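If you want the building blocks of each chain, they are given just below.
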Amino acid sequence: ATAASYGARAGNGVILVTTKRGIEQEAQYTLNSNYGLQSFTMRPHAVNSVQNAQFENVSRANAGMPMIWSQDDIDGFADVVAGNIPEYFTGNLPEYFNTDWWSETLRDYAPQIQTNLSVRGGSEKIKYFISGGIYHQESLFRSNDLKNNKYNVRSNLDVALTKKLTLGIDLSILQNNLVGPSWDMHSNAGHFGVMTLLFRSRPQYPAYYPDRSKYSAMGNDDLNP
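In this convention, every chain numbers its residues from 1, walking through the sequence in written order. Local features are withheld for residues below a pLDDT of 70 in this predicted model, meaning they are given only at 70 or higher, and side-chain atom pairs are given and counted only at 80 or more; totals for whole chains, interfaces and linings count all residues. Excluded from the side-chain calculation are hydrogens and water; included are all heavy atoms of the structure.

### Re the packing of aromatic side chains
Each pair of aromatic rings is reported with the distance of its centres and the angle of its planes.
Working step 1: Ring pairs shown here join Phe, Tyr and Trp side chains whose ring centres sit within 6.5 Å, with only the six-membered ring taken for Trp; geometry is labelled stacked below 30 degrees between planes, edge-to-face above 60, and tilted in between. Taken as a whole and judged by the stated rule, the model has three aromatic pairs.
Working step 2: With centroids separated by 5.2 Å and ring planes inclined at 75°, the aromatic side chains of Trp-69 and Phe-77 adopt a geometry described as edge-to-face. Across the pair, Phe-77 and Trp-69 agree in class, each one buried.
Working step 3: On the basis of an interplanar angle of 80° and a centroid distance of 5.0 Å, the ring pair of Trp-102 and Phe-199 is categorised as edge-to-face. Note that Trp-102 is positioned in helix α4 (residues 101-105) and Phe-199 in helix α5 (residues 194-200), a separation of 97 residues in sequence.
Working step 4: Since its relative accessible area comes to 6%, Trp-102 is described here as buried. Any residue under 20% of the maximum accessible area for its type is buried, any over 50% is exposed, and the rest in between are partly exposed; the area is computed with a 1.4 Å probe on protein chains only. Each helix corresponds to a stretch of at least 4 residues labelled H or I by DSSP, and each strand to a stretch of at least 2 residues labelled E; elements are numbered beginning at the N terminus.

### Comments concerning helix α2 (residues 49-62)
Working step 1: With 14 residues, α2 extends 20 Å from end C-alpha to end C-alpha; this agrees with the ideal 20 Å at 1.5 Å per step.
Working step 2: Whether two residues touch is decided by their heavy atoms; if any such pair falls within 4.5 Å, the residues are in contact. Where α2 is buried, its residues meet α3 (71-81).
Working step 3: Any pair of N or O atoms that falls within 3.5 Å is considered a polar contact. Within protein, one atom must be able to donate a hydrogen and the other to accept it, and sequence-neighbouring residues count only if both atoms are side-chain atoms. Capping of α2 at its N-terminal end is provided by Asn-48; its side-chain oxygen lies 3.1 Å from the backbone amide nitrogen of Val-50.
Working step 4: A positive phi of about 75° marks Gly-64, the residue just after α2. The span expected for a helix works out to 1.5 Å for each residue beyond the first.

### Focus on the pairing of strand β2 (residues 110-122)
Working step 1: Where strand β1 (residues 25-38) and β2 come together, 12 bridges link them in antiparallel fashion. Of the residues in β2, the one forming a bridge with Ser-33 is Thr-115.
Working step 2: Across 11 bridges, β2 lies against strand β3 (residues 126-137) in antiparallel orientation. Note on β3: the bridge partner recorded for Gly-122 is Lys-127.
Working step 3: Strand pairing is assigned whenever DSSP detects at least two bridges linking the two strands. The antiparallel pairing of β2 with β3 creates a hairpin that spans three residues between the two strands.

### Some remarks on the pattern of salt bridges
Any two side chains of opposite charge can pair, so long as their charged atoms come close to each other.
Working step 1: Just to be clear on terms, a salt bridge is a Lys or Arg side-chain nitrogen sitting within 4 Å of an Asp or Glu carboxyl oxygen. For the structure shown, the criterion picks out five salt bridges.
Working step 2: The residue Asp-158 makes a salt bridge to Arg-21 at a minimum N-O spacing of 3.0 Å. Within this pair, whereas Asp-158 is found in strand β4 (residues 147-160), its partner Arg-21 is found in the loop between α1 (2-6) and β1, the two being separated by 137 residues in sequence.
Working step 3: Residue classification places Asp-158 among the buried residues on the basis of a relative accessible area of 16%.
Working step 4: Judged by its relative accessible area of 27%, Arg-21 is partly exposed.

Dropping the structure here:
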């Protein structure tokens, strides 16, 4: 009998996974809600401007190319790293920076919330189970541009038409509003994703101009100061 319904591979039995259905009882409401925080299991610690400038000079020297950072430049970066020169101020743009692009781009934690409400009950003639849920997930990007909002509704209705005939009406609706990147987060077909750019970004570049509404480029171009 099992094989007749579910095929030859069901000869040893089958396991059926079904959703809840209504039972003959007064309406019973159930509310479940949880709040969680997501984070990176590991995040690289990038070098500062002094170290990066020194590495670039060594790399170019090994390739037989002239160095691009003078000792005055390295000393200027060292002053910024030590906190002797402010990176951002109102007025002219300073000459030296020490930008942590990982901290500028990513935050440590991002929330996710899930809530579900259901009602179950019925009479001898009609039994019902109805549930609805909301899922909201934010992004680890400080801009919080990437989000995921999911809404679902399920309704299982059983109507006894006669003593031997029951009509079952099952309805399931799911809407998922996902805002994600148009490209891969790493690299694809020659396009550099955000995570790749973070590894390639140079701390010598500013994250902001004096006008904080304008963003600077993430220094991922050729090795030119």
